[in-house]
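Next come the chains, spelled out residue by residue.
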Amino acid sequence: MSAGSDIRSLHVALIDPSGYSRPYDHELARSLAARGHRVSLWTAEFVHGTVPAPAGYRVVEHFYRRSNHLRVGSRLRAPAKAAEHVAGLAGLRRALGRDRPDVVHVQWTVMRQLDRRFYRRLAAAGIPVVFTAHDPLPNVGGPLRRRSAAATARSFARVICHSEWGRRALVERCGVRPDRVRVIPHGAFRYLCDEPEVPPPVEASGPLAALPGILRPYKGADVLVRAWPAVRDLVPGASLVIAGRAMMDVAAMGPPGAGVEIVDRFLTDAELAALLRRAELVVLPYRRIDSSGILFAALAFGRALVLSDVGSFRELHDEHGIGVLVPPGDVTALATVIAGVLEDDAGRAALEAASARAASGPFSWEGVAERHEAVYRELVP
């Protein structure tokens, strides 16, 4: 066991079937391994780009070996993936029965009703199961999806969320028992800082603001596009890059004006790192959210942030001085604040310092992993 703990190491099986959060999985797995634990990550091959190389832990690309290679949008993809998911759970049950991990930690569920039954049976067989509710209230889908997500969260003995906002959502809106919920913050994606230096995905001149990450309607890229002409009026020459695979109609964002570049594809980790190194400002004009992986990538690079006042963003601002908050959907306020941050070198430097302090302090993965270990030991005999 490492110096981080004086009791026996644990065998932890992390489960992320679709690889929805491979950067998060990587940081958690390597940080747990650094504390002396044996960690395996059960996931799928990520076919859209690069993923971090494992460091001290094992990756098993167990799920969706065929369906992941079908074209996105193919009518065969969803039924093929469903069939492979059922087979994947059966194979996972056999493997976990052989390996007998001390704890199983589920990052995401895919077919929620089926997955709930699977993990309940696993727990009944004596293998404790922990679940992280990355999105306590789903950001996409309607009431049926929200009810299904709530039922899933209620089915686990321990549920981890990333903020007090998330805890309240789980308890007050999803009906999860308060004694089962544990708040553990998201960690800053420091591994990105070690990526090789490559050109950013777009060559942009002047002060640069960026909105990276998968594009969905709830992320408010359309609000940012509408705000940008007013930003340019106040800061001539300012540039905006919106970069990430669009899971929405790009035309719905409106016509990009002068100084706006939209990159509709996955960014490699090296490209994301290059964009964050180049940008003076990261803007997250979300309509709703609990926590954001892109925010914690921006913290790792000590970037200044402009954030909608939604979800846990208020906590991050009030407790750690992270970012400047704007009302969600307010085009005028967003433009005014962005221009103010770009023009105020001293104020932007203070925001950058707050981000850097948070990344190396409360959102360091060493502390995040230690708190996960404490939750696991609540359930391990």
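Relevant structure appears above.
To start, this report covers the structure provided alongside it. (Residues numbered from 1 in each chain as written. Predicted model: local features only at pLDDT ≥ 70, side-chain atom pairs only at ≥ 80, totals over all residues. Heavy atoms only, no water.)

### Section: the overall build of the protein chain
For the protein chain, the count of helices and strands is 12 helices and 13 strands. Rg of the C-alpha trace for the protein chain: 21 Å, near the compact-globule value of 21 Å for 381 residues, within the 12% margin. Dimensions of the protein chain, computed from the C-alpha atoms along their principal axes, are close to 65 × 50 × 40 Å. The buried share of the protein chain, reckoned over its 381 residues, is 54%. Long-range pairs, those at least 24 residues apart, make up 70% of the contacts in the protein chain with a sequence separation of at least 6. When the accessible surface of the protein chain is totalled, it reaches about 15900 Å², and 52% of it is carbon and sulfur. A gap of 11 Å separates the mean positions of the 49 positive and 40 negative side-chain charges of the protein chain. (Helix = DSSP H or I, 4+ residues; strand = E, 2+ residues; numbered from the N terminus. Rg over C-alpha atoms; globule rule 2.2 N^0.38 Å. Buried < 20%, exposed > 50% of the residue type's maximum accessible area, 1.4 Å probe, protein only. Contact = heavy atoms within 4.5 Å. Areas by Shrake-Rupley, 256 points an atom, 1.4 Å probe, with all protein chains shown as cover. Lys, Arg positive; Asp, Glu negative; His and termini not counted. Charge placed at Lys NZ, Arg CZ, Asp CG, Glu CD.)

### With respect to unusual backbone geometry
Negative phi characterises most residues that are not glycine, and trans characterises most peptide bonds. At Tyr64, a residue that is not glycine, the phi angle is positive and equals roughly 55°. Relative to the helices and strands, Tyr64 resides in the loop between β3 (58-63) and α2 (77-99). According to the relative accessible area criterion, Tyr64 is buried, its value standing at 2%. Phi is positive for Arg100, close to 45°, though the residue is something other than glycine. By the secondary structure assignment, Arg100 is in the loop between α2 and β4 (103-106). Classification of Arg100 by relative accessible area gives partly exposed; the value is 42%.

### A look at a positive patch on the surface
Taken together, the side chains of Arg93, Arg94, Arg98, Arg117, Arg120 and Arg121 make up a positively charged region of the molecular surface. Going through the elements one at a time, α2 and α3 (112-124) are the ones with two or more residues in the positive patch. With respect to the helices and strands, Arg121 occurs in helix α3. Look at Arg121 and you get exposed, because its relative accessible area is 62%. (Patch = residues over 30% accessible without salt bridge, like charges linked within 9 Å, V, L, I, M, F, W, Y side chains within 5 Å. Salt bridge = Lys/Arg side-chain N within 4 Å of Asp/Glu carboxyl O.)

### Thoughts on the packing of aromatic side chains
Counted by the stated rule, this structure contains 11 aromatic pairs. Geometrically, the ring pair formed by Phe63 and Tyr64 is tilted, given 5.6 Å between the ring centres and 45° between the ring planes. Three or more aromatic residues link up through ring pairs in this structure, and these residues are Phe118, Tyr119, Phe131 and Phe156. It is Lys81 that lies over the ring of Tyr64; its NZ or CZ is 4.8 Å from the centre. (Phe/Tyr/Trp six-rings, centres within 6.5 Å; stacked < 30°, edge-to-face > 60°. Lys NZ or Arg CZ within 6 Å of the ring centre and 35° of its normal.)

### Description of the pattern of salt bridges
Scanning the entire structure with this criterion turns up 16 salt bridges. The partner of Arg158 in a salt bridge is Glu378, with the nearest N and O atoms 2.6 Å apart. Taken together, the residues Arg158 in strand β6 (residues 158-161) and Glu378 in helix α12 (residues 365-379) connect sequence positions 220 residues apart. Using a relative accessible area of 38% as the deciding quantity, one classes Glu378 as partly exposed. Beyond isolated ion pairs, a larger network of salt bridges with shared partners links Arg35, Glu373 and Arg377.

### Examining the sheet that holds strand β10 (residues 260-263)
Spatial strand order, β10-β9-β8-β11-β12-β13: six strands in an open sheet with parallel pairing. In this open sheet, the two edge strands, each paired with only one partner strand, are β10 and β13 (324-326). For this sheet, the mean inter-axis angle between neighbouring strands, taken without regard to orientation, is 20°. When strand β9 (residues 239-243) meets β10, the two strands line up parallel, connected through four bridges. Residue Ala243 lies in a different strand from β10, and its bridge partner there is Val263. The strands touched by helix α6 (residues 221-234) within the sheet are β8 (208-212), β9, β10 and β11 (281-284), with β9 carrying the most contacts at an inclination of about 165°. (Pairing = 2+ DSSP bridges. Axes fitted to C-alpha atoms, helices over the stretch in contact; angles between N-to-C directions.)

### Quick word on helix α1 (residues 22-34)
Given a rise of 1.5 Å per residue, 13 residues ought to cover 18 Å, and the 18 Å separating the end C-alpha atoms of α1 matches this to within 8%. Within α1 the residues assigned to the buried category are Arg22, Tyr24, Asp25, His26, Glu27, Leu28, Ala29, Ser31, Leu32 and Ala33. Each element contacted by the buried residues of α1 is listed here: β1 (11-15), β2 (38-44), β3, β4 and α12. Gly36 occupies a position one or two residues after α1 and carries a positive phi of about 100°. (Expected span 1.5 Å × (residues − 1).)

### So, the sheet that holds β4
Here we have seven strands laid out as an open sheet, ordered β3-β2-β1-β4-β5-β6-β7, and parallel in their pairing. The open sheet has two edge strands, β3 and β7 (181-183), and neither has a second partner. The average angle at which neighbouring strand axes cross in this sheet is 25°, direction not considered. As defined by bridge partners, β6 adjoins β7 across three bridges and the pair is classed as parallel. In the strand pairing of β7, Cys161 is matched with Val183. The strands that α12 touches are β1, β4, β5 (129-132), β6 and β7; relative to β6, the one it contacts most, it runs at about 170°.

### Description of the pairing of β6
Judged by which residues are buried, β6 turns out to be covered on both faces: Arg158 and Ile160 on one side and Val159 and Cys161 on the other are all buried. Alignment of β5 against β6, held across three bridges, turns out to be parallel. Looking across to β6, one finds that Val130 is bridged to Arg158. Handedness of the β-α-β unit built from β5, helix α4 (residues 143-154) and β6 comes out right-handed. This β-α-β element, β6 to helix α5 (residues 164-173) to β7, shows right-handed connectivity. (Right-handed = clockwise from strand over helix to strand, strands pointing away.)

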